[in-house]
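What follows is the residue order along each chain.
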Amino acid sequence: MVDSQYYLPNDIGVSALDCREAFSLLSPREQMYSHFLSRAAWYGGLAVLLQTSPESANIFVLLQKIFRKQPAAELEPVAMAAGLTSEEYQAFLVYAAGLYANMGNYKSFGDTKFIPNLPKDKLKALVFASQSFKEQPGEMEALWDSCSSALFSLEGKQKQLGLGSKGITTYFSGNCGLEDAELAQKFLDFQKLSAYNTRLFKTEKGGKMSYEVRLAIATILALLRHTGWGHSLCGLPETRLKRGDYAQIMERVCHYLEEAQAHAASENQTKMLEGYRRSFTFGSIDAHKEGSRFWIKDKGPTVESYIGFIESYRDPFGSRGEFEGFVAVVNKAMSERFAKLVSSAEVLLPELPWPRDFEKDTFLKPDFTSLDVLTFTGSGVPAGINIPNYDDIRQSEGFKNVSLGNVLAVAYATQKEKLTFLEEDDKDAYIKWMLPSFEMQVGLHELLGHGSGKLFVQDDQGKFNFDQNTLINPVTGEKVTSWYRGNETWDSRFSTIASSYEECRAECVGLFLCLNKLALSIFGHEGQDAEDVVYINWLYMVRAGLLGLEFYTPESSSWRQAHMQASFVILRVLLEAGEGLVHLEEVAGADGRPDARIALDRTKIHTVGKSAIQRFLCKLQVLKATADVAGGRALYDGYSAVTDSGPHDFLRLRDTVLLRKEDRKMLVQANTRVQGEAVELVEYEGSAAGLIHSFTERFQEDAEQLEADLLELSKRDSPCWCH
């Protein structure tokens, strides 16, 4: 029997992401703009297959070839004739939908591998009985042989993503470890290059080691694809830059961005898209930054979008960005609340528990909108975003916040019978107030969490952005003695803990400021309703901390999901606060199996809870601001530890959480297609079959060439994983 955490259950939730009304309100020009941006995003998202695992692209192509010839309903009698049961066929559909939804065979939320929940010989029989196999038996058999072993394998480090012995990654060649990532980062820092759009490959010949930094560039620069420069400096091995990673994919992205430019609503949008095109054409992060600057200036657009190598959660070293793109329509009614929050930011920011010198010199009021998502590509769909992630732009030029309203409405809705680990008395209130409280938490987290806090920097010319002679560390009472230098960034210094640490800081800001009456009133909460929202927001967080144990791997003592690690850290902080604030106990469930109960004393949130978060949040900000990596790691790793000692046996609780876990919903997104002068929105049912259908129709115009390109890119990399 395979552990249930390594497959997706047949009854997993699948919901359609509704954007029909929002799309229908767009003008024909805006719809055309949305269409071409969506095409760029969907094609770019295919790079994630190559960023996830060696076999993901081949599995994707295998599935596309099968379902393009026979939709799920047509394939079902073939499956029955091949000897599959209806449950096994459903398991195959769920697996295929899961691969599409995660853009690879590792969960986007938790980074664990998932495999088909049916015997390998049954799946082989189905593949070989398919129409696609009958038409191209040699090609299909070769494709099956190229990925079938890895498709089912759960050996050793293949169970999860990670670097070296800790897991699988395709951001680095198979012979790389943490020390290689650190050496490469030194090289990139010296060359003033960003790691966001790179991968690292190591070769060893005759006892001599060298590195190849691969840079994502479109095939338009075919002449440059194999050129580069070699350097051995500062005692580092020779390192060469190789252009052309994901080349055929990037070329398609550039093509559709150029098409979108013709329908842009403003000069800012035109220049924004030009910056992105130059970035993907030349591999320039500086060009992407320039595009991002125009994106920030594009205030209040009807159609909002962003695209590029964005989030570094899944790079085990925390520096390389996964490709992501989204296109969405502004929900004007909900956006009014967020606009009020932005207007009140300068009143709320001084409430945060650190001295004025540790806050940004000026708060650059961003756009903050609620969006109905039309397209979101990458490995998963979040609830909210604060971007760009470039520290230099965020600190001095600004950023944008978005809350994804139609995602919140379906992805976070829950049923009472599926609410684990809560007291019965809490469940009705949790159902009633979870979405309003989560909406508020997302707003505070994105705007005043990620949007707050200064980083102390000494630039290349030796100039400081603070007074190093007088600035006092509020935690130690002594002068600040560390800061960022030159090209150093938050990600490059704090590397492996940076993403989760920052998510934890933003979550703590949300918990702290949701106690503020002004913040509550902005979201329409007064009196008892406001108290209920606060209670459920804090209860949601402590429950999330317990649920987070699913995403911890005891064998490697590592966390696989930044947000869930952050929630666990906050749970530990609030348990440590004592005085009966949080009560966590192991119990026997109604079914006789291990269970747990977590409860929160709502009368102590404003006293014990607030004080605990206030102290912890101040430490997080001070350590981040001063680039105190050693102090930050000691604090964060300490609270992240999952042990069987102390008042709570968290390792045993992890087993209980795994026993009662519920998989995250998968979202089915619409397609758009041009019909004459108009753009048609094509929607699909909220099921595994509907999700599959959406993907087979998504790349129809060049399906065979695209599949050949993906296989070529995968094959080009394949020698790099055999270590």
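Residues numbered from 1 in each chain as written. Predicted model: local features only at pLDDT ≥ 70, side-chain atom pairs only at ≥ 80, totals over all residues. Heavy atoms only, no water.

## Some details on the overall build of the protein chain
Phase 1 of the analysis: Tallying secondary structure elements over the protein chain gives 27 helices and 19 strands in all.
Phase 2 of the analysis: Whereas a compact globule of 723 residues would reach a radius of gyration of roughly 27 Å, the protein chain reaches 25 Å, a difference of no more than 12%.
Phase 3 of the analysis: Counting only residues that meet the buried cut, the protein chain has 61% of its 723 residues in that class.
Phase 4 of the analysis: If you take every contact in the protein chain between residues at least 6 apart in sequence, the share linking residues at least 24 apart comes to 75%.
Phase 5 of the analysis: In the protein chain, which carries 77 positive and 98 negative side-chain charges, the distance between the mean positions of the two groups comes to 3 Å. (Helix = DSSP H or I, 4+ residues; strand = E, 2+ residues; numbered from the N terminus. Rg over C-alpha atoms; globule rule 2.2 N^0.38 Å. Buried < 20%, exposed > 50% of the residue type's maximum accessible area, 1.4 Å probe, protein only. Contact = heavy atoms within 4.5 Å. Lys, Arg positive; Asp, Glu negative; His and termini not counted. Charge placed at Lys NZ, Arg CZ, Asp CG, Glu CD.)

## Topic: the nonpolar core
Phase 1 of the analysis: Judged by nonpolar contacts, the single largest core of 115 residues is most densely connected at Leu46, Phe60, Phe67, Phe92, Ile249 and Phe280.
Phase 2 of the analysis: In terms of residue count, helix H6 (residues 86–102) provides more of this core than any other element does, nine residues in total.
Phase 3 of the analysis: Sequence-distant contacts of Phe67, defined by excluding residues within four places in its chain, comprise Ala72, Leu75, Phe92, Leu93, Ala96, Tyr100, Ile692 and Thr696.
Phase 4 of the analysis: Membership of the second largest hydrophobic core comes to 101 residues, among which are Leu471, Phe523, Leu575 and Ala627. (Core = buried A, V, L, I, M, F, W, Y, C linked by side-chain atoms within 4.5 Å.)

## Thoughts on the UniProt feature "binding site: Zn(2+)" (unreviewed entry) in the protein chain
Phase 1 of the analysis: Per the UniProt record, "binding site: Zn(2+)" (unreviewed entry) is annotated on His445, His450 and Glu503. A compact arrangement is adopted by the annotated residues: their sequence extent is 59 residues, whereas the largest C-alpha distance between any two is 8.4 Å.
Phase 2 of the analysis: Following the sequence through the fold, His445 ends up in helix H18 (residues 424–449).
Phase 3 of the analysis: With a relative accessible area of 5%, His445 lands in the buried category.
Phase 4 of the analysis: Excluding its chain neighbours within four sequence positions, the residues that come into contact with His445 are His450, Glu503, Ala506 and Glu507.
Phase 5 of the analysis: Those residues in contact with Glu503 that lie beyond four places of it in its chain are Tyr313, His445, His450, His563 and Ala566. (UniProt positions renumbered as here; feature names shortened; annotations may be inferred.)

## Observations regarding the UniProt feature "active site" (unreviewed entry) in the protein chain
Phase 1 of the analysis: When the UniProt feature table is mapped onto this chain, "active site" (unreviewed entry) is found at Glu446.
Phase 2 of the analysis: Position of Glu446 relative to the elements: it lies in helix H18.
Phase 3 of the analysis: For Glu446, a relative accessible area of 7% corresponds to the buried category.
Phase 4 of the analysis: Not counting chain neighbours up to four residues away, the residues in contact with Glu446 comprise Phe368, Gly384, Ile385, Asn386, Asn401 and Gly451.

## Details of unusual backbone geometry
Phase 1 of the analysis: Following Ile387, the chain continues into Pro388 via a peptide bond in cis, with omega recorded as 5°.
Phase 2 of the analysis: Residue placement: Pro388 occurs in the loop between strand E9 (384–387) and helix H16 (391–396).
Phase 3 of the analysis: Phi at Met103 is positive, roughly 50°, even though this residue is not glycine.
Phase 4 of the analysis: At Asp111, a residue that is not glycine, the phi angle is positive and equals roughly 60°.

## Focus on the packing of H18 against helix H21 (residues 527–547)
Phase 1 of the analysis: Close contact between H18 and H21 brings their axes to 7 Å; oriented N to C, the two are set at 90°. By the angle class used here, H18 and H21 are roughly perpendicular. Contacts between H18 and H21 involve Asp426, Ala429, Tyr430, Trp433, Met434, Ser437, Phe438, Met440 and Gln441 on the former and, on the latter, Asp529, Asp532, Val533, Tyr535, Ile536, Asn537, Leu539, Tyr540, Met541 and Arg543. (Axes fitted to C-alpha atoms, helices over the stretch in contact; angles between N-to-C directions. Parallel < 35°, antiparallel > 145°, perpendicular 65-115°, else oblique.)

## A closer look at the pattern of salt bridges
Think of it this way: side chains of opposite charge can pair up when their charged atoms draw near.
Phase 1 of the analysis: Taken as a whole and assessed by the stated rule, the structure comprises 48 salt bridges.
Phase 2 of the analysis: One salt bridge in this structure joins Glu139 and Lys65, with 3.1 Å as the shortest N-O distance. Highlighted residues: Glu139 in helix H9 (residues 137–152) and Lys65 in helix H4 (residues 56–69), separated in sequence by 74 residues.
Phase 3 of the analysis: Taking the relative accessible area as the measure of exposure, Glu139 reaches 35% and is therefore partly exposed.
Phase 4 of the analysis: Lys65 gets classed as buried once you look at its relative accessible area, which sits at 6%.
Phase 5 of the analysis: Residues Lys418 and Glu662 are paired through a salt bridge, measuring 3.7 Å at the closest nitrogen-oxygen approach. One end of the pair, Lys418, is in the loop between helix H17 (405–411) and H18; the other, Glu662, is in the loop between helix H25 (650–659) and strand E17 (666–668), and 244 residues separate them in sequence.
Phase 6 of the analysis: The partly exposed category is assigned to Glu662, whose relative accessible area is 45%. (Salt bridge = Lys/Arg side-chain N within 4 Å of Asp/Glu carboxyl O.)

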